[in-house]
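Structural features, examined
So the chains spell out like this:
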Amino acid sequence: MKDLVRKQLAQSINTMQAVLADLHIADTIVTIAELTAHAMQGGRKLLVAGNGGSAADAQHLAAEFVVRLADNRPALRAIALTTDSSILTACGNDFGFDRIFSRQIEALGHPGDIFLGISTSGNSPNILLALQQARSMGLTTIGFSGNGGGKMFELCDHNVVIPSSTTMNIQECHLALEHIFCLAVERFYYDAAYNKP
């Protein structure tokens, strides 16, 4: 069992090192953070969605924006589309599970908002439909995926693709990058607001 622990830790570290070595990922995080900060400064918001562990990521990330990540500061506009059980079950019952996120984007999204879809496979049907809905309404679309990006790659204005096909390692990297994304949005937003160097 100790060998299992060490093997899995090594696999996690190797995946994270591959992410660290991928300069495009770092560039994309900076780009989407600046875009998100600019959107929020203009009164727009971040919408986030995913399934399973990625649903937990969506809620986690929204909480970091609304409450705080590391430092106390005013709240930032972010909504996880995974949390309202009445909406999710009504939409799932009446229109099908594939539309649980696209229906909410139709209701809550505005041009200039940001939609971040999280799917380790890149192929979650409800994320694909949500991305299509977001694009049709003039939202900027961001994808966090693995597995080469999957079908969602072409539907996203910006992609963060973890170089792995192992779900748990993709999720570990997603969470680390989501924290960095939030931190960078804070820096762009508040450094600009307060003219910090």
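Provided above is the structure to which this section pertains.
Below, the structure is looked at part by part. (Residues numbered from 1 in each chain as written. Predicted model: local features only at pLDDT ≥ 70, side-chain atom pairs only at ≥ 80, totals over all residues. Heavy atoms only, no water.)

**Points about the pattern of salt bridges**
Between side chains of opposite charge, a pair can form when the charged atoms approach closely. Tallied over the full model, the rule gives four salt bridges. One salt bridge connects Asp 113 with Lys 45, and the closest N-O pair in it is separated by 2.7 Å. Of this pair, Asp 113 sits in the loop between helix H5 (102-108) and strand S3 (114-119) while Lys 45 sits in the loop between helix H2 (23-41) and strand S1 (46-50), placing them 68 residues apart in sequence. Across the pair, exposure class does not vary: Asp 113 and Lys 45 are buried alike. For Arg 135, the salt bridge is made with Asp 157, and the minimal N-O distance between the two is 3.3 Å. Of this pair, Arg 135 sits in helix H6 (residues 125-136) while Asp 157 sits in the loop between strand S4 (140-145) and strand S5 (158-161); the two residues are 22 residues apart in sequence, bridging distant segments of the chain. By relative accessible area, which is 38% here, Arg 135 ends up partly exposed. (Salt bridge = Lys/Arg side-chain N within 4 Å of Asp/Glu carboxyl O. Helix = DSSP H or I, 4+ residues; strand = E, 2+ residues; numbered from the N terminus. Buried < 20%, exposed > 50% of the residue type's maximum accessible area, 1.4 Å probe, protein only.)

**Digging into helix H1 (residues 2-21)**
The end-to-end C-alpha distance of H1 is 28 Å, a good match for the 28 Å that 20 residues give at a rise of 1.5 Å each. Looking at H1, one finds that the buried residues are Ser 12, Thr 15 and Val 19. One side of H1 carries all its buried residues, which in axial view fall inside an arc of 65 degrees. With respect to the buried face of H1, the exposed residues turned more than 90 degrees away are Lys 2, Asp 3, Arg 6, Lys 7, Leu 20 and Ala 21. (Expected span 1.5 Å × (residues − 1). Arc of directions from axis to C-beta.)

**Describing the state of the cysteines**
Counted by the stated rule, this structure contains zero disulfides. Counting only cysteine sulfurs, Cys 156 is the nearest neighbor of Cys 173, a cysteine outside any disulfide, at a range of 18 Å. Between Cys 182, a cysteine without a disulfide, and Cys 173, which holds the nearest cysteine sulfur, the sulfur-to-sulfur distance is 18 Å. (Disulfide = S-S within 2.5 Å.)

**As for the packing of aromatic side chains**
For the structure shown, the criterion picks out two aromatic pairs. Plain terms: the ring middles of Phe 65 and Phe 181 are 5.7 Å apart, the flat faces sit at 65 degrees to each other, and that makes the pair edge-to-face. You can see Phe 65 sitting in helix H3 (residues 53-66) and its partner Phe 181 sitting in helix H7 (residues 167-193), a full 116 residues away along the chain. In this pair, the class of Phe 65 matches that of Phe 181, namely buried. Sitting above the plane of the Phe 95 ring, Arg 99 keeps its charged end 4.8 Å from the centroid. (Phe/Tyr/Trp six-rings, centres within 6.5 Å; stacked < 30°, edge-to-face > 60°. Lys NZ or Arg CZ within 6 Å of the ring centre and 35° of its normal.)

**Digging into the environment of Ile 29**
Along the chain, Ile 29 turns up in helix H2. Placed 26 residues apart in sequence, Ile 29 and Asp 3 show a C-alpha to C-alpha distance of 34 Å. Those residues in contact with Ile 29 that sit more than four places away from it in its chain are Phe 144, Val 160, Leu 177, Ile 180 and Phe 181. (Contact = heavy atoms within 4.5 Å.)

**With respect to unusual backbone geometry**
The residue Asn 147 is not glycine, and still its phi comes out positive at about 55 degrees. In this fold, Asn 147 is placed in the loop between S4 and S5. Among the residues examined, Asn 147 registers a relative accessible area of 40% and is labelled partly exposed.

**Remarks on the nonpolar core**
One finds Leu 46, Phe 65, Leu 116, Phe 144, Leu 177, Phe 181 and Val 185 to be the most contacted residues of the largest nonpolar core, which totals 33 residues. Listed by contribution, the elements that provide at least two residues to this core are H2, S1, H3, strand S2 (78-80), S3, S4 and H7. Sort the elements by how many residues they give to this core and H7 lands first, with nine residues. Ignoring sequence-local partners within four residues, the contact set of Phe 65 consists of Met 40, Leu 46, Arg 73, Ala 75, Leu 76, Ala 78, Phe 181, Cys 182 and Val 185. Leu 47, Phe 101, Phe 115 and Ala 130 belong to the second-largest nonpolar core, a separate cluster that totals 19 residues. (Core = buried A, V, L, I, M, F, W, Y, C linked by side-chain atoms within 4.5 Å.)

**What about helix H4 (residues 85-94)?**
Of the residues flanking the start of H4, the one acting as N-cap is Asp 84, its side-chain oxygen 3.1 Å from the backbone nitrogen of Ser 86. Remark: Gly 96 follows H4 within two positions and exhibits a positive phi of approximately 105 degrees. (Polar contact = N/O pair within 3.5 Å; in protein donor to acceptor, adjacent residues only side chain to side chain.)

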